[in-house]
Amino acid sequence: MAPRILVTGASGFIGAHVAAELARRGARVTAVTRTPRPVADWDRARAAMQAWTGGEGGVAGGGIEPAACDLSFPAVAERLEGLVEGACAVVHAAARLAGGDVEQARDTLGPTRAVCAAMRARAPRALLVLVSSFSVYDLAAVRASGLALDEASPLEGAPEGRDAYTRAKLGQEAIARASGLPLRILRPAYVYRPGRLDCAHLGVRKGPLELAMGEGPIAAIPVGACAEALALAALAPAPAVPEALNVVDADAPDRARWRAAMPEGSGAKLTLPLPPAALRAAAGALGALGQGHRAPGLLRAPVYAARFQGVPVSDARLRAALGWRPRHGFEAVAGMPG
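Since this is a predicted model, take the numbers as computed values, not measurements.

K.L.:
Run through the overall build of the protein, naming residues and quoting values.
P.N.:
In terms of regular secondary structure, the protein is built from 12 helices and 12 strands. A globule of 338 residues ought to have a C-alpha radius of gyration of about 20 Å, and the protein, at 20 Å, matches this closely. Overall, the protein is about 60 × 40 × 35 Å in size when its C-alpha atoms are taken along their principal axes. Within the span of the protein, comprising 338 residues, buried residues form 48% of the whole. A fraction of 79% describes how many contacts in the protein between residues 6 or more apart in sequence connect residues 24 or more apart. Carbon and sulfur atoms form 58% of the exposed surface of the protein, whose accessible area is close to 14,700 Å². One way to put it: in the protein the 38 positive side-chain charges average out to a point 2 Å from where the 30 negative ones average out.

K.L.:
Which residues make up a nonpolar patch on the surface, and what are the values?
P.N.:
On the surface, Leu209, Leu270 and Leu272 cluster together into a nonpolar patch covering about 230 Å² of accessible area. Mapped onto the fold, Leu209 is located in strand β9 (residues 209-212). Assessed through its relative accessible area of 32%, Leu209 is described here as partly exposed.

K.L.:
Tell me what's going on with the sheet that holds strand β6 (residues 183-188), and back it up with residues and numbers.
P.N.:
Overall, parallel pairing links the seven strands, which are arranged β3-β2-β1-β4-β5-β6-β11 in an open sheet. The sheet is open, and its two borders are formed by β3 (63-68) and β11 (243-247), each paired with just one other strand. Neighbouring strand axes in the sheet, compared pairwise and without regard to direction, differ in orientation by 20° on average. On the sheet, helix α4 (residues 101-122) packs against β1 (4-8), β4 (89-92) and β5 (127-131) and is oriented at approximately 175° with respect to β4.

K.L.:
Give me the pairing of β6: which residues, what numbers.
P.N.:
With six of its six residues buried, β6 lies for the most part within the structure. Burial of β6 is two-sided: the residues Leu183, Ile185 and Arg187 facing one way and the residues Arg184, Leu186 and Pro188 facing the other way are all buried. The sheet contact formed by β5 and β6 spans four bridges and is parallel. For Leu130, the partnering residue across the bridge sits in β6 and is Ile185.

K.L.:
Can you lay out the nonpolar core for me, pointing to particular residues and giving the numbers?
P.N.:
Counting 53 residues, the largest nonpolar core has Leu22, Val91 and Trp258 as its most contacted members. Broken down by element, this core gets its largest block of residues, 10 residues, from helix α7 (residues 223-235). Apart from the residues within four sequence positions on either side, Val91 is in contact with Ile5, Leu6, Val7, Thr8, Val18, Leu22, Val129, Val131 and Ala234. In this structure, Val84, Leu109, Ile175 and Ile185 belong to the second largest nonpolar core, which totals 28 residues.

K.L.:
Explain helix α1 (residues 13-24) residue by residue, including any values.
P.N.:
Along its 12 residues, α1 runs 17 Å from first to last C-alpha, staying within 8% of the 16 Å computed at 1.5 Å per residue. Within α1, 11 of the 12 residues are buried, leaving the element largely enclosed by the surrounding structure. Buried within α1 are the following residues: Ile14, Gly15, Ala16, His17, Val18, Ala19, Ala20, Glu21, Leu22, Ala23 and Arg24. Backbone geometry just after α1 places Gly26 at a positive phi near 100°.

K.L.:
I'd like to hear about the environment of Arg255, residue by residue, with values.
P.N.:
With respect to the helices, strands and loops of the structure, Arg255 is situated in helix α8 (residues 255-261). Note: C-alpha distance between Arg255 and Arg122 (133 residues apart in sequence) is 47 Å. Among all residues touching Arg255, those that are not within four sequence positions of it are His201, Leu202, Met213, Gly214, Glu215, Gly216, Pro217, Ile218, Arg307, Phe308, Gln309 and Gly310. In this structure the side chain of Arg255 is engaged in a polar contact, spanning 3.1 Å, whose partner is the backbone oxygen of His201. Polar side-chain contacts of Arg255 include one of 3.4 Å to the backbone oxygen of Met213.

K.L.:
Residue-level account of the environment of Arg317, with values.
P.N.:
For Arg317, the position within the fold is in helix α11 (residues 316-322). Those residues within four positions of Arg317 in sequence are excluded, and the remaining contacts are Glu151, Ala244 and Leu245.

K.L.:
Which residues make up the pattern of salt bridges, and what are the values?
P.N.:
Within this structure, the stated rule accounts for 24 salt bridges. Taking the shortest distance from any N to any O, the salt bridge between Glu21 and Arg24 comes out at 2.8 Å. In this pair, Glu21 and Arg24 both sit in helix α1, three residues apart, roughly one turn of the helix. Connected through salt bridges with shared partners, the residues Glu21, Arg24, Arg25, Glu56, Glu228, Arg325 and Arg327 form a single ionic network.

K.L.:
Would you mind going over helix α2 (residues 39-53) in detail, with residue names and values included?
P.N.:
End to end, α2 covers 21 Å across 15 residues, agreeing with the expected 21 Å (1.5 Å per residue, within 8%). For α2, the complete set of buried residues consists of Asp41, Trp42, Ala45, Met49, Trp52 and Thr53. Looking down the long axis of α2, one finds its buried residues gathered within 95° of arc, a one-sided arrangement. For α2, exposure combined with an orientation more than 90 degrees from the buried face picks out Arg44 and Ala51. Among the structural elements, α1, β2 (28-33), β3, β10 (220-222), α7 and α12 (330-334) are those in contact with the buried residues of α2. Two residues or fewer past α2, Gly54 is found with a positive phi of approximately 65°.

Conventions and cut-offs
Residues numbered from 1 in each chain as written. Predicted model: local features only at pLDDT ≥ 70, side-chain atom pairs only at ≥ 80, totals over all residues. Heavy atoms only, no water. Helix = DSSP H or I, 4+ residues; strand = E, 2+ residues; numbered from the N terminus. Rg over C-alpha atoms; globule rule 2.2 N^0.38 Å. Buried < 20%, exposed > 50% of the residue type's maximum accessible area, 1.4 Å probe, protein only. Contact = heavy atoms within 4.5 Å. Areas by Shrake-Rupley, 256 points an atom, 1.4 Å probe, with all protein chains shown as cover. Lys, Arg positive; Asp, Glu negative; His and termini not counted. Charge placed at Lys NZ, Arg CZ, Asp CG, Glu CD. Patch = residues over 30% accessible without salt bridge, like charges linked within 9 Å, V, L, I, M, F, W, Y side chains within 5 Å. Salt bridge = Lys/Arg side-chain N within 4 Å of Asp/Glu carboxyl O. Pairing = 2+ DSSP bridges. Axes fitted to C-alpha atoms, helices over the stretch in contact; angles between N-to-C directions. Core = buried A, V, L, I, M, F, W, Y, C linked by side-chain atoms within 4.5 Å. Expected span 1.5 Å × (residues − 1). Polar contact = N/O pair within 3.5 Å; in protein donor to acceptor, adjacent residues only side chain to side chain. Arc of directions from axis to C-beta.

Here it is, written out as structure tokens:
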């Protein structure tokens, strides 16, 4: 019998492609969204995944059943328990990308608690695949170590100095680990769409003007490759103990290479470079004056390091654990239709 897998956040950028890839691989997918979505949305995502993989790994018989369910609603328990019952895995991709701690508590942490509670009640042996983020790492410490970033790299130990999204992702992982459920945590790097390379790691952009900053490689993954990894994670046997896997292409381009691959007309009309040394000096001066906590994010060392100080990355554990491999080189992905 085809496995039944529930995907939350299934109308999102990552979630829609994961639902489509699981269905393409023969799973019966329950696609949970906050509001009803037409099946045609996932048909388009499934066609995109078919093109991305060249049909490799496809299995007949899979399908997607939409299910509207607002995970942030306080009385969601009964509805969610009915949805998870009988599932062999849950891919929890529902989360908020922006907003402060209040919004993250409502739309990221609350739903994670609800999913874990429903699984403990009705599907305690099902595998939870949590979509986390590269943001949980302490990039400043990794850079100082001189080592490549991998799953053994230190997590952020002072989240109060970072943003609400980072704090929420760290909180999600803690909730999932405390649940006692079979658990696989996947931490995607920056996820981008083929043919569309606007990237927050390049600098700060306001209309046609961009303040370019940063140094080192940009850890990234195309959405098709990310969806493949998450689908493989959900279909693989549950690990004996919780495991974390980075979802990243080891071929991480530097900023010059990224800009060179951007489609014509997609970049800023005027780019002004900001030397990293100048930003570090400004951040250090504010810190010395005791004003570091009040500084804009770019002038707080942990925030700047996470966004603009790239480090080498490793995809070795993802390859070994799931048999995942990159299908297309960065420049080839950049030239694909968006």
